[in-house]
Amino acid sequence: MLALHLQADNYLDEYLDAQRLRGRRKSTIEAYTLFLKRFLTAVNKPVPCIQTKDIRMFLMREKDQGNIPATIANKITILRSFFFWLYRERLIDSNPAEFVEAPRIPEPPPKFLSQDELEAIRDAAAGYLLREVIVEVLYSSGVRVSELVALDWRDINFALKQAAVRDGKGGNARIVPISTRAVRLLHRLKDTRKDAQPCIFRSLYNKRMAKATVQWHIRELGVRAGLTFQLTPHQLRHSLATHLLTAGMPLDQIQVILGHQSIKTTQRYAKTQLQNVEHYYRRVFP
């Protein structure tokens, strides 16, 4: 018999506990909690009574409030996960999210920096050691901003010019190369530190730097460099992938550096390199 006596909060708590056991990140759990609580409040029905039309009506209201297709798709992913788990655990008779279709999202090509733009950013960071380190580590390693702020000094192998990403996306660990320039800047930064904090990137409050702080630094550098678009840390990651591909590195090796679980994700960068097709083709057929 279904556990119909459970209140919405009980269903949600059981689901979130299951996600924690799966090893979901704390930030992911927090995002799921906020969204699902808002969804359940808006629908205002016992969870076993929620129907597909309730979910679609909720999503339509979200769309009318200005949510873009990518945001709607992300919310559908969370709802599918929630109701699939309830159905699998036999807490509900049917899965109302099973046939809710996600909107089509045209995927823009990754935005990457030209070498001139990269040098302008480096010039803008010159003299501000922390910003220099942030730029060089992000660019030369291709780490995500969440992986950057999680780096500790013990993760850097100065001799081998490598960094250990211990808690990458999806819980995957990997070793990434870093440039000689990044190593030298990290040495300089370490020499300025008198504290015993293990983290490389430290806030003014002597704690691990927040992702938002790194994003702010990068955004400011983009403004100072005179870029006509808003610079983000992820664009440095895109730039590394594109520059490595242009230099001839195979996609599967770029996949390892970036920590992509699927080669399909890495193949996005190949689409940005169509201008190189003619060049390489003519090397075979001049």
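Residues numbered from 1 in each chain as written. Predicted model: local features only at pLDDT ≥ 70, side-chain atom pairs only at ≥ 80, totals over all residues. Heavy atoms only, no water.

1. Side note on helix 5 (residues 115-125)
Structurally, the α-helix is built with 3.6 residues per turn, so residues lying three or four positions apart point the same way. By the burial criterion, the buried members of helix 5 are Leu118, Ile121, Arg122 and Ala125. Axial view of helix 5: buried residues confined to an arc of 100°, hence all on one face. Exposed positions of helix 5 whose direction lies more than 90 degrees from the buried face are Asp116 and Asp123. Looking at the buried side of helix 5, the elements it contacts are helix 6 (129-141), helix 8 (180-192), helix 9 (211-224) and helix 10 (233-246). The positive-phi residue at the C-terminal boundary of helix 5 is Gly127, with phi of around 90°. (Buried < 20%, exposed > 50% of the residue type's maximum accessible area, 1.4 Å probe, protein only. Helix = DSSP H or I, 4+ residues; strand = E, 2+ residues; numbered from the N terminus. Arc of directions from axis to C-beta. Contact = heavy atoms within 4.5 Å.)

2. Observations regarding the pairing of strand 3 (residues 174-177)
Here strand 3 shows one buried face, formed by Arg174 and Val176, and one open face, formed by Ile175 and Pro177. Pairing analysis gives four bridges linking strand 2 (residues 162-165) to strand 3, with the strands arranged antiparallel. Directly across from Ala163, in strand 3, lies its bridge partner Val176. (Pairing = 2+ DSSP bridges.)

3. Considerations on helix 6
Taking 1.5 Å as the rise per residue, helix 6 with 13 residues should run 18 Å; its terminal C-alpha atoms sit 18 Å apart, in good agreement. Judged by how many residues are buried, helix 6 sits mostly within the fold: 13 of 13 residues are covered. One or two positions beyond helix 6, positive phi appears at Gly142, with a value near 75°. (Expected span 1.5 Å × (residues − 1).)

4. A short note on the packing of aromatic side chains
In the structure shown here, the tally under the stated rule is seven aromatic pairs. Ring geometry for Phe39 against Phe83: centres 6.1 Å apart, planes inclined by 85°, an arrangement best described as edge-to-face. Residue Phe39 is located in helix 2 (residues 26-43), and its partner Phe83 is located in helix 4 (residues 69-88); the two are separated by 44 residues in the primary sequence. An identical accessibility class is assigned to Phe39 and Phe83; each is buried. The ring of Phe229 is capped by Lys111, whose NZ or CZ atom sits 4.2 Å from the centre of that ring. (Phe/Tyr/Trp six-rings, centres within 6.5 Å; stacked < 30°, edge-to-face > 60°. Lys NZ or Arg CZ within 6 Å of the ring centre and 35° of its normal.)

5. Side note on unusual backbone geometry
Here the phi dihedral of Asn44 falls at roughly 55°; this positive angle occurs in a residue that is not glycine. Relative to the assigned elements, Asn44 resides in the loop between helix 2 and helix 3 (52-64). We note that Lys161 has phi near 55°; this positive angle belongs to a residue other than glycine. Topologically, Lys161 is positioned in the loop between strand 1 (156-157) and strand 2. On the basis of relative accessibility, which here comes to 35%, the residue Lys161 falls in the partly exposed class.

6. Quick notes on the side chain of Arg131
Tracing the backbone shows Arg131 in helix 6. At 4.7 Å, Glu220 is the nearest oppositely charged side chain to Arg131, a buried residue that forms no salt bridge. Only 2.9 Å separates the side chain of Arg131 from the side chain of His217, close enough to count as a polar contact. (Lys, Arg positive; Asp, Glu negative; His and termini not counted. Salt bridge = Lys/Arg side-chain N within 4 Å of Asp/Glu carboxyl O. Polar contact = N/O pair within 3.5 Å; in protein donor to acceptor, adjacent residues only side chain to side chain.)

7. Comments concerning the nonpolar core
It is characteristic of soluble globular proteins that their nonpolar side chains tend to be buried jointly. Ile134, Leu148, Leu186, Val214 and Ile218 are the most contacted members of the largest nonpolar core, which totals 45 residues. Where this core is concerned, the elements lending two or more residues are helix 5, helix 6, helix 7 (145-149), strand 2, helix 8, helix 9, helix 10 and helix 11 (251-258). Once residues lying within four places of it in the same chain are set aside, the contact partners of Ile218 are Ile134, Val135, Leu138, Leu231, Thr232, Pro233 and Leu236. Among the nonpolar cores identified, the runner-up in size contains 29 residues, and Leu40, Ile50, Ile55 and Phe82 belong to it. (Core = buried A, V, L, I, M, F, W, Y, C linked by side-chain atoms within 4.5 Å.)

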